[in-house]
Amino acid sequence: GLVAAGWWPQPKFDGVFGKATIFANGGGTMESRTGEPITSCDHILTALFEQAQAQSGGWDSFVVLGELWHPTLPFPTISCDVRRHRASPHLQFVMNDILPVEMVTERTYRDRHADLFAFHAVRKSDALQSAPAPVGLMATAMQAAEDYVKCGGYDGLILRDPNGLFIPGRGTGGETIKIKPRAEGDFRVVGMADLAPAPDFRG
């Protein structure tokens, strides 16, 4: 399969996607997958900014893609904490990818993963985690995904092509494959409609 072909298996953290943009002139933003601002995680933006300042030499604006997550909280609680407009300093940011602010690069995921580890190694922060190195599989990818879900804190497995380039969109180039024992998705609510009351068949 793909693992035998050299793809990297990584646990999929059961959190909420976040896109953090950190600007070289100060400040930053966190957005959801659909572009809505996330205002409950300023501590993560601060940690990323301080991490960048600790790098040797100058640095440019950059983007980090990851999961807003907590090791012991269930997903519904994490999701609620992310979407409310109150500080949630207990949440962590699992950094999966690092990109130029233009989100255009010729660096492979292998190189970007190394960039993340080098970025994170300079200064440790409780708010930040690097994407894990490839994990060994003792069973099929689906069985491994199910085992991670049973551990808690994860909702499956990710297979990444280490030689894959970043292509904007949700894995449209096939460079990332998510394996989950259960189906789910992200949806934007565009409207609401009143449903007709159920008929009353009582006499």
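Attention in this report is confined to the structure presented alongside it.

So, how was this worked out
Residues numbered from 1 in each chain as written. Predicted model: local features only at pLDDT ≥ 70, side-chain atom pairs only at ≥ 80, totals over all residues. Heavy atoms only, no water. Helix = DSSP H or I, 4+ residues; strand = E, 2+ residues; numbered from the N terminus. Contact = heavy atoms within 4.5 Å. Areas by Shrake-Rupley, 256 points an atom, 1.4 Å probe, with all protein chains shown as cover. Expected span 1.5 Å × (residues − 1). Buried < 20%, exposed > 50% of the residue type's maximum accessible area, 1.4 Å probe, protein only. Arc of directions from axis to C-beta. Salt bridge = Lys/Arg side-chain N within 4 Å of Asp/Glu carboxyl O. Pairing = 2+ DSSP bridges. 1 Å grid on protein atoms, 1.4 Å probe; cavity = no way out; pocket = protein on both sides within 12 Å on 5 of 7 lines; lining within 4 Å. Points joined across faces, edges and corners; volume = space filled by probe spheres on them. Nonpolar A, V, L, I, M, F, W, Y, C, P; charged D, E, K, R; others polar. Axes fitted to C-alpha atoms, helices over the stretch in contact; angles between N-to-C directions. Core = buried A, V, L, I, M, F, W, Y, C linked by side-chain atoms within 4.5 Å.

1. With respect to the overall build of the chain
Next, step 1: Of regular secondary structure, the chain possesses 4 helices and 8 strands.
Next, step 2: Starting at the N terminus and ending at the C terminus, the chain contains elements arranged as β-β-β-α-β-α-β-α-β-α-β-β.
Next, step 3: In the chain, the share of contacts with a sequence separation of at least 24, taken over all contacts with a separation of at least 6, comes to 69%.
Next, step 4: Per element, the accessible surface of the chain, about 11400 Å² overall, is 57% carbon and sulfur.

2. What to know about helix H3 (residues 109-121)
Next, step 1: Spanning 13 residues, H3 covers 18 Å between terminal C-alpha atoms, matching the ideal 18 Å at 1.5 Å per step.
Next, step 2: Buried residues of H3: Tyr 109, Arg 112, His 113, Leu 116, Phe 119 and His 120, and no others. With its buried residues spanning 120° around the axis, H3 presents them on a single face.

3. A short note on the pattern of salt bridges
Next, step 1: Applying the stated criterion across every chain yields a total of 6 salt bridges.
Next, step 2: Between Lys 12 and Asp 155 there is a salt bridge whose closest N-O contact spans 3.4 Å. Placement of the pair is Lys 12 in strand E1 (residues 8-13) and Asp 155 in strand E7 (residues 154-160), with a sequence separation of 143 residues.
Next, step 3: Residues Arg 107 and Asp 115 are paired through a salt bridge, measuring 2.9 Å at the closest nitrogen-oxygen approach.
Next, step 4: What you see here is one network of salt bridges that share partners, running through Lys 12, Asp 155 and Lys 180.

4. So, the pairing of E7
One face of the sheet, then the other: side chains in a regular strand alternate in exactly this way.
Next, step 1: In terms of residue burial, E7 counts as a mostly covered element, since 6 of its 7 residues are buried.
Next, step 2: Two strands pair when backbone bridges link them, and E7 and strand E8 (residues 176-179) are joined in this way by 4 bridges, in the antiparallel orientation. Across the sheet, residue Leu 157 finds its bridge partner in E8, namely Ile 179.

5. Notes on the layout of surface pockets
By rolling a water-sized probe across the atoms, one finds the places where empty space is left.
Next, step 1: The calculated volume of the second largest pocket comes to roughly 390 Å³.
Next, step 2: In terms of lining residues, the second largest pocket is bounded by 17 residues, among which Phe 62, Ile 98, Leu 99, Pro 100 and Asp 115 are the most central.
Next, step 3: For the lining of the second largest pocket, the secondary-structure elements that each account for two or more residues are strand E5 (92-100) and H3.
Next, step 4: By residue number, the principal contributor to the lining of the second largest pocket is H3, which donates 4 residues.
Next, step 5: Residue classes in the lining of the second largest pocket are distributed as 8 nonpolar, 5 polar and 4 charged.

6. Section: the sheet that holds E1
Next, step 1: Taken together, 3 strands build an open sheet; the order of strands is E1-E7-E8 and the sheet is antiparallel. Each end of this open sheet is capped by a strand with a single partner; those strands are E1 and E8. Strand-to-strand, the axes of this sheet are offset by a mean angle of 30°, without reference to chain direction.
Next, step 2: Pairing of E1 with E7 involves 6 bridges; the strand directions are antiparallel. Considered in E7, the bridge of Trp 8 is made with Arg 160.
Next, step 3: Against the sheet, H3 contacts E1 and E7, and its axis sits at roughly 55° relative to E1.
Next, step 4: Helix-sheet contacts for helix H4 (residues 141-151) involve E1, E7 and E8, and the interaxial angle to E7 is about 145°.

7. Observations concerning the nonpolar core
Next, step 1: The biggest cluster of nonpolar side chains holds 27 residues, and the ones touching the most others in it are Met 30, Ile 44, Leu 48, Leu 68, Phe 93 and Met 95.
Next, step 2: When contributions to this core are tallied by element, the ones reaching two or more residues are strand E2 (16-22), helix H1 (42-53), strand E4 (62-69), helix H2 (75-83), E5 and H3.
Next, step 3: Ranked by the residues each element gives to this core, the list is headed by H1, at 5 residues.
Next, step 4: Counting 7 residues, the second largest nonpolar core, distinct from the first, contains Trp 7, Ala 145, Tyr 148 and Ile 179.

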